[in-house]
Structure formats: structure tokens, C-alpha cells
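Chains, contacts and geometry: an overview
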Amino acid sequence: ALLKRLATVIDRQAAAVDRFSSKEKKASAAPGAASRKEKPSHQQQRLRTSRTLEATFVSAFCHALDCFPFSEDVVAGAEEEEDDDDDDADAAAEAPAEKETPLSRGVATFLVPTARRLLMRPERRAKTGARDEVLRPPVALSILRLSRKLPRDGREVARQLVVAVCASLRHRDATKRDASRKALARMAAEGASLSLILTELRAALPTGYMLAVRSAAVHSLLEKAQHPLPSETVGVIASLLVEDLLGDAAAARDGREDGEHKAGSAAGVPEARLVVGRTYESLELCGRLIAYAQKDELATPLFDALDKRLAEPDARGGG
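On to the overall build of the protein, then. Looking only at helices and strands, the protein features 14 helices and two strands. Out of the 319 residues belonging to the protein, those deemed buried represent 39%. Long-range contacts, defined here as pairs at least 24 residues apart, represent 71% of the contacts in the protein between residues at least 6 apart. Surface exposure of the protein reaches about 18200 Å², of which carbon and sulfur atoms provide 53%.

Our next topic: the pattern of salt bridges. A full pass over the atoms with the stated rule returns 16 salt bridges. The salt bridge partner of Arg-136 is Glu-54, with a shortest N-O separation of 2.6 Å. Taken as a pair, Arg-136 in the loop between β2 (131-135) and α6 (137-147) and Glu-54 in helix α2 (residues 42-66) lie far apart in primary sequence, 82 residues in all. Across this residue pair, the class does not change: Arg-136 and Glu-54 are buried. When the shortest N-O distance is used, the salt bridge between Arg-159 and Glu-156 registers 2.8 Å.

With that out of the way, let us pick up the side chain of Arg-121. Tracing the sequence through the fold places Arg-121 in strand β1 (residues 120-124). With relative accessibility at 19%, the residue Arg-121 sits in the buried group. Within polar-contact distance, the side chain of Arg-121 engages the side chain of Glu-123 at 3.1 Å. Residues in contact with Arg-121, not counting those within four places in the same chain, are Glu-54, Asp-132, Glu-133, Val-134, Arg-136 and Lys-176.

Cut-off values and rules
Residues numbered from 1 in each chain as written. Predicted model: local features only at pLDDT ≥ 70, side-chain atom pairs only at ≥ 80, totals over all residues. Heavy atoms only, no water. Helix = DSSP H or I, 4+ residues; strand = E, 2+ residues; numbered from the N terminus. Buried < 20%, exposed > 50% of the residue type's maximum accessible area, 1.4 Å probe, protein only. Contact = heavy atoms within 4.5 Å. Areas by Shrake-Rupley, 256 points an atom, 1.4 Å probe, with all protein chains shown as cover. Salt bridge = Lys/Arg side-chain N within 4 Å of Asp/Glu carboxyl O. Polar contact = N/O pair within 3.5 Å; in protein donor to acceptor, adjacent residues only side chain to side chain.

Remember, this is a structural readout, not a statement about activity or role.
Structure (C-alpha cells):
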């Protein structure tokens, strides 16, 4: 009941923020608006209050979600599923379905869908007034913790969460991308599958300015990662870093200083600056995080790419 009431209040506050933002935009565009900027208007004060209340209720919802009173049987079921991670998928499919209880039904029909709905906050773009959605990082972390407690579908909940957070990195607002990137790094530090995150990053950020955003995301992940990196991720990370240095991202910024991209879609993107230096830092971080036996998985893709680059004629006319 508490979570339901909190979700309702959050929706109302988000709607109030959206309404007041729209009115504030119209007021700022009105004649003589510049002379009224010295003192916040009543409308601006209501907007700030609504934003503060929304953030407070979101925090309360996340705390209640983290402390949700799962029964001992539910938690035990989740732990048994984690212990059987390496079991054959076919054997798992043949296992008999668990009996549905009021608790499990409530989790499946209300708790998880409500948390997913609150993951993204509706917002109006400042310049155009168009509707947009922005990630709520605290909700993302709470959903991740919730997925580890679910006896069934926990992995699917976590996978959909990672997909949504990676997609939020495509946002045009750099501050929103920063928040999403930090949330993704924290998710990885709290046990989200690094292999899944890297796969979804490659799928969500394939070209243009998104390559620089992806480079920054990989760097943030490595900063939060712990030694040793999972063996299946070393080759993927090496491939991504080689692309940043010698692939499409490198071609986009070739001939510019400080790693800035020439592509128009990357103009004004903070992540597009100093991409080269950040990628070298990522290589160093990765080298520190891998076991000695994994060194070839990191070095071989880089050396192969360099050999291929040396064998190609200079794109600017050299031999």
C-alpha cells in the first residue's frame, strides 16, 4: 500500500513539474520577461518545490523498494537460482513452475511494472518544449537490487534495465548523459553483468557522437570495476578501445586536436574532447584489472589492428 501511494504521489509531482515548466517557458518568452528575472516568480517557486518533492518521494520509494519484506522462501528461491547460474538452460526450462502466491503475484503484477514505469521521468525540453524522458538513477539501482531478490524472471528484469539505461545515454543533454553513465557504472559495481552492459553499449551507441559517449561510458565502468575483470569481457573491452583509437571514432576526429570529432553530429559534445587520452587511460585501467594470464586477450587485438593499419596505404595519399 505504501509503495502504491508513493508511486501515485510521484506521478502527480512529475505532472506538476511538467505543467509548471510549460508555464515558465511561456512566461520567459513573454515581452518584458527579462526585467522580471531578478526575483523568482511564484510560478518558479512552485516549480522548484514540485521538483524537490518529486525527488524526495522518489528517494522514499526507492528506500521502500530496497526494504520490501520478501518472505524467507522467496529470498531462498532467489539464492538458489544464483547458485545454479551455470546449469544447462534446457534443464532449467524443464523444471516445474513454482506455485504462485499472493506475494509473488503482487511482485509480478504491481511491484516490477511500477518500478519500471518510474524508471524514466517525463520532461519538457528547454528549447523546443517537446516531451522527453530522463532516467531516474536511484530507481535504476533499486530495480537492480530488486531483480536479485526475484525467484523468477530476475535476469530478464536486470537485462531490460540495462537496455533502458544504455538507451538513456543517447540523450542530447550532457548532464543527463553524465547521470546515466554514473548510474551504469554503479550498477556494474553492484553486480550487474559487465558482459551484458558492454553488449548493450555497443548496440545502443553505434555511430556519430554516440561513439564518444560510449568511450566515456567504458572508461567509467573500468574506473568502478574490481580486479580481476570477468574473462569473457576482456576481449570485448579491447575491441571497443581499439575502435576508439583506430576505428570509426578515430576516423571521425582525424586531423583535429584534443580528440575532437569532425562529424557535425558530435559538435559541442563534451565526451568528444580528449577521447584519445581517455582511451589510453582506459587501456591502462584494463591492464591493471586483468589477470596476468589474460594479457594476450588485451594486447592481441591492439597489435592486430596496428599491423592492419600499417599495411594500408595512407588515406591522405602516402604509400
